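# Survey of secondary and tertiary structure
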Amino acid sequence: MKREHRRAGLLLAVLALAAAGCAPSGQDHGQHQTSAGRQAEVAAKGRAVMPFDLDRTTHRFSKTATGGVQTVTADDPSDVRQITLIRQHLTEEVTAFREGDFGDPASIHGDHMPGLHDLQEGHTRIDIRYTQMPAGARITYTTGETALVKALHAWFDAQVSDHGRHAEHG
């Protein structure tokens, strides 16, 4: 039910962007242009999918030799509301990712997001773990397959590029 509400919110965000003249130009998002328009589009879609405030939190994507670590933390470590929302969302995402459901990132970044197809296909060969942190949470992705490590790294790069000021390499 929550996913259906998020997807409905996403549709409204896309319609609002289209009305504002910020709709995708029809270019292949596999190229992942980093224009301000693209980042505004991704932020609007992200707000429809992620329950926490993008302007009050930070995404970090750290590549490792065996995959990577994605963290989301509240910029204010005393912001209990944002921390709770981060933890709730990442818990749901880990459950979905373990089942090969990368629908939320696809709805934000597009179905042709770098690495996405490989992650969906190889999800059973990636260990995906959730861990709470003092100001948020993290997801650790571990695999012994070079192709999946490369897919994770490409996926991380696309997210940092698309999210602009809301994400960084860590």
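Residues numbered from 1 in each chain as written. Predicted model: local features only at pLDDT ≥ 70, side-chain atom pairs only at ≥ 80, totals over all residues. Heavy atoms only, no water.

Moving on, we come to the overall build of the chain. Assigned secondary structure in the chain consists of 6 helices and 5 strands. For the chain, with 170 residues in total, the buried portion stands at 49%. Counted over contacts in the chain with a minimum sequence separation of 6, partners at least 24 positions apart contribute 67%. When the accessible surface of the chain is summed, it comes to about 8200 Å², and 54% of that surface belongs to carbon and sulfur atoms. (Helix = DSSP H or I, 4+ residues; strand = E, 2+ residues; numbered from the N terminus. Buried < 20%, exposed > 50% of the residue type's maximum accessible area, 1.4 Å probe, protein only. Contact = heavy atoms within 4.5 Å. Areas by Shrake-Rupley, 256 points an atom, 1.4 Å probe, with all protein chains shown as cover.)

Take helix α6 (residues 146-163) next. Working note: α-helix, 3.6 residues per turn, so residues spaced by three or four point in the same direction. Relative to the 26 Å expected for 18 residues at 1.5 Å per residue, α6 spans 26 Å between its end C-alpha atoms, a close match to the ideal helical length. With respect to burial, α6 is a largely interior element, 13 of its 18 residues being buried. Looking at the residues trailing α6, positive phi occurs at G164, about 55°. (Expected span 1.5 Å × (residues − 1).)

Further remarks concern the nonpolar core. Proteins that are soluble and globular tend to have nonpolar side chains buried together. Counting 33 residues, the largest nonpolar core has Y141 and W155 as its most contacted members. Put simply, the parts of the chain that give this core at least two residues each are β2 (67-74), α3 (80-98), α4 (103-109), α5 (116-122), β4 (136-142) and α6. When near neighbours in sequence (up to four residues on either side) are disregarded, W155 contacts Q70, F97, F102, P105, M113, P114, L116, L119 and Y141. (Core = buried A, V, L, I, M, F, W, Y, C linked by side-chain atoms within 4.5 Å.)

A few words now on the sheet that holds strand β1 (residues 57-64). Either a parallel or an antiparallel arrangement is found when strands of a sheet pair, and the pairing is made through backbone hydrogen bonds. On the basis of which strands lie adjacent, the open sheet formed by 5 strands has the order β3-β4-β2-β1-β5 and mixed pairing. At either end of the open sheet lies a strand with only one pairing partner, and these are β3 (127-133) and β5 (167-169). In this sheet, neighbouring strand axes are inclined to one another by 15° on average, regardless of whether the strands run parallel or antiparallel. As defined by bridge partners, β1 adjoins β5 across 3 bridges and the pair is classed as parallel. Opposite F61, over in β5, you have H169 as the bridge partner. (Pairing = 2+ DSSP bridges. Axes fitted to C-alpha atoms, helices over the stretch in contact; angles between N-to-C directions.)

Moving on, we get to the pairing of β1. Across 8 bridges, the pairing between β1 and β2 is antiparallel. Residue pairing for β2: T58 is matched across the bridge by T73.

Here the focus is the pattern of salt bridges. The final tally for this structure, using the stated rule, is 6 salt bridges. Among the salt bridges present, the one from R56 reaches D79, with a minimum N-O distance of 2.5 Å. Pair noted here: R56 is in the loop between α2 (36-49) and β1 and D79 is in the loop between β2 and α3, with a separation of 23 residues, a long-range link. A relative accessible area of 40% places R56 in the partly exposed class. Judged by its relative accessible area of 11%, D79 falls in the buried class. Ionic pairing is found between R125 and E145, a salt bridge with its closest N-O pair at 2.5 Å. Here the residue R125 occupies a position in the loop between α5 and β3, and E145 occupies one in the loop between β4 and α6, the gap between them amounting to 20 residues. R125 gets classed as partly exposed once you look at its relative accessible area, which sits at 42%. (Salt bridge = Lys/Arg side-chain N within 4 Å of Asp/Glu carboxyl O.)

In the predicted model, the chain carries a mean pLDDT of 82, and the fraction of residues at 70 or more is 78%. Below pLDDT 50 for its whole length, residues 5-33 participates in 46 contacts with residues either more than four positions away or in separate chains. (pLDDT = per-residue confidence, 0-100.)

Attention now goes to the pairing of β4. Here is the key point about a regular strand: its side chains alternate between the two faces of the sheet. Where β2 and β4 come together, 7 bridges link them in antiparallel fashion. Residue pairing for β4: V69 is matched across the bridge by T140. Pairing geometry for β3 and β4, over 7 bridges, is antiparallel. Looking at the pairing, M133 lines up with G136 of β4. Once β3 ends, the chain turns through 2 residues before running back antiparallel as β4.

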